[in-house]
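Each chain is listed here by its residues.
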Amino acid sequence: MSGVLVVTEQREGAWNKMSFEALAAGQQLAAMLGVSCSAAVIGAGLSPLTTELATRKLAQVFSVQHDLLAEYTADGYVTALEQAIQQSGAEYVLFPHTYQVRDFAPALATRFGQVLISDVIAIHDGPVFVRQLLQGKLNADYRKPSAASPQAPCFVSVQAGTFRAESVESGEAAIVAVELTLASNQIRSKPGERFRESAQTVDLAAAPLIVSVGRGIKEEENIAIVQELADALGAELAASRPICDNGWLPMERQVGSSGQTVAPKLYLAVGISGAIQHLVGMKGAKTIIAINKDENAPIFEVADYGVVGDLFEVVPALTNAILAAKS
Amino acid sequence: MKIIVAIKQVPERDAPIAIASDGKWIDEDDLSFTINEPDAYALEEALQLKEKNGGEVVVLCLGPERVTSTLREALAKGADRAIHVELDELAGLDTLAVAKMLAEAIRPESPDLILTGLQSDDLGAGQTGVVLAELLGIPHATIIMQVEKTATGLRVKRELEDGWFQHVEMPLPALLTMQSGGNKLRYATLMGIKKAKSKETATVSPGEPAAAAIELARVYLPEKQKKTEMLKGSATEVANQIVEKLKFEVRAL
């Protein structure tokens, strides 16, 4: 058993672009271990995608195709990928850390008696896989224990933005069709059409200036002071998930993995601790200013300017200073 | 419908974190603990399903003695009974070992539905529910916002990325991992707290934990990705410094 296998993600023939970040991670891990990297594509009607991957530096491209895989189901994917992984003989199986991977990869790892090392932010020599704990307050090194079964692969999912899709190396790969045993009665759930709640009326992605509010605001009526700051600055108001969960601001103003991804000129984070699900949605901002009472809040790891202090004092003072500067 | 809600007790969000002397976890001595937030949403969904469809809500938690406070709180909110899988030492256990112990406790109950949060606030692996479903041989769906009982099973609303959703239909028994925000969380009433005292908590001992498939070798403070310039002074002084940055660096003013 050797080699790295990257399981890519596509829907209706279009790549999830995190697939290429996972491929970059796979190639780098394979280089570190001195082994080859292969990839798997799963679904139906995949030939344009497998042909595309055959132009990358990969040993093999496994085509995991079946009519029953046209639509994603956890049962279909687990059953099919179990067979593909066995055929590949891979020692490490990498995934992009998408919502879909979160839905099936833990069950797939269980089939092999293994545990997925999820949402990895770095891979070091060893190999050691780094992931975050306690909403980003700590990092942790994970590895396969030396006593673990050498016959079972190690499963790893890679966080968005950790590896660069552009760094995937080109080359030539052989396409291998995986012969699947898969029957419709193995698929127990029935997925419906994808939909959006309502037309988005706020396009945060296009806003050059964003003021964003988090849990530190404590009460719904306090949102007003952050709204005043946003108005003074001419910025869009955004929020982290808990604010929208509470219904204090509409869901369409949420920034993060389940909301919008933004890259404004300015992201001013007020009372946001910076859980990883939030950071992935905003760490591409050009300048990040954070106001938080906890000096260890993970938001300060990505901020350019930080203020450790009481937002209920700093925010009104800042609003006044901005209005004074503008007049 | 008999529903089991698997909950976890985690450190309070604002708790000051200190790394334990062995460098493999945090020092728990002075921490206060609470219910994992997504699990609170799982409990809320279970209570609402019971109110609509009848049945029983059983809360399940693995951990040392301290977790009984979280179970009592769930009983006070309206769960009918509790199962405490008592285990003092959680360090070194991986998701599969934990899920196996939970599965052992769940099997004799033969529930129609198992609910849990989509991930924990401490380890954040986001896998226990899915692994549990696989061990029990039942279908699952993750990151669920709404649950509806149908004639043949369930219809659930699953959250996808970037504001997309999808309905999924599935037969029972099944397992769902719940996203936060689908419902408004209730508080325990005085009457609920009183009633909880007469509700049953069964304590069970798990078997020997399975050997770990992955190992947490070391925890540490993250290195900063950027050099953060900290602005100091009174609120007014800090505000003036930010205005300077907004004017001359961000060019937003």
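One structure accompanies this document, and this report is about it.

The rules behind these values
Residues numbered from 1 in each chain as written. Chains lettered and ligands numbered in written order. Predicted model: local features only at pLDDT ≥ 70, side-chain atom pairs only at ≥ 80, totals over all residues. Contact = placed C-beta atoms within 7 Å. Helix = DSSP H or I, 4+ residues; strand = E, 2+ residues; numbered from the N terminus. Pairing = 2+ DSSP bridges. Core = buried A, V, L, I, M, F, W, Y, C linked by C-beta atoms within 7 Å. Buried ≥ 20, exposed ≤ 12 C-beta atoms within 10 Å, placed from the backbone. Axes fitted to C-alpha atoms, helices over the stretch in contact; angles between N-to-C directions.

1. Observations concerning the interface of chain B and chain A
Taken together, the contacts link 67 residues of chain B with 71 residues of chain A. At the level of elements, helix H3 (95–106), helix H4 (128–136), strand E7 (140–149), strand E9 (164–171), strand E12 (215–220), strand E13 (229–230) and helix H6 (235–248) of chain B are the ones that each hand at least two residues to the side of chain B that touches chain A. Looking at the side of chain B that touches chain A, the element that brings in the most residues is H6 of chain B, giving 9 residues. Sheet topology note: the strand E17 (residues 305–308) of chain A/E13 of chain B ladder contains 2 bridges and is parallel. Bridged to Gly-306 of chain A within E13 of chain B is Met-230 of chain B.

2. Thoughts on the nonpolar core
Counting residues in hydrophobic clusters, the biggest one holds 127 residues, and the most contacted among them are Leu-81 and Leu-94 of chain A together with Val-5, Leu-43, Val-59, Leu-60 and Leu-102 of chain B. Ile-217, Ile-291, Val-302 and Ala-321 of chain A belong to the second-largest nonpolar core, a separate cluster that totals 55 residues.

3. A word on the environment of Ala-54 of chain A
All names here are of chain A. With respect to the secondary-structure elements, Ala-54 resides in the loop between helix H2 (47–53) and strand E5 (60–65). In this structure, the C-alpha to C-alpha distance between Ala-54 and Leu-266, residues 212 residues apart in sequence, is 41 Å. With near-sequence residues (within four places) excluded, Ala-54 lies in contact with Val-61, Glu-172, Ala-173 and Ile-175.

4. Concerning unusual backbone geometry
Comment: phi is negative for the bulk of residues other than glycine, and the bulk of peptide bonds are trans. Residue Pro-127 of chain A is bonded to the preceding Gly-126 of chain A through a cis peptide linkage, with omega at -5°. Among the structural elements, Pro-127 of chain A can be located in the loop between strand E7 (117–124) and strand E8 (128–133). In this structure, Arg-251 of chain B takes a positive phi of about 55° despite not being glycine. When you line up the elements, Arg-251 of chain B lands in the segment after H6.

5. A word on the sheet that holds strand E6 (residues 113–117) of chain B
As summarised here, the arrangement of the 10 strands in space is E12(A)-E9(B)-E8(B)-E7(B)-E10(B)-E6(B)-E1(B)-E4(B)-E5(B)-E11(B), forming an open sheet in which the pairing is mixed. Bordering the open sheet on either side are strand E12 (190–196) of chain A together with strand E11 (201–204) of chain B, each of which pairs with just one other strand. Each strand of the sheet is rotated relative to its neighbour by a mean of 30°, with strand direction disregarded. Relative to strand E4 (residues 56–63) of chain B, strand E1 (residues 2–7) of chain B is paired through 6 bridges, and the arrangement is parallel. Considered in E4 of chain B, the bridge of Lys-2 of chain B is made with Glu-56 of chain B. The sheet contacts of helix H1 (residues 37–53) of chain B involve E1, E4, E6, E7 and strand E10 (174–178) of chain B, and relative to E6 of chain B the element is tilted by about 150°.

Honestly, it's all geometry; don't read function into it.
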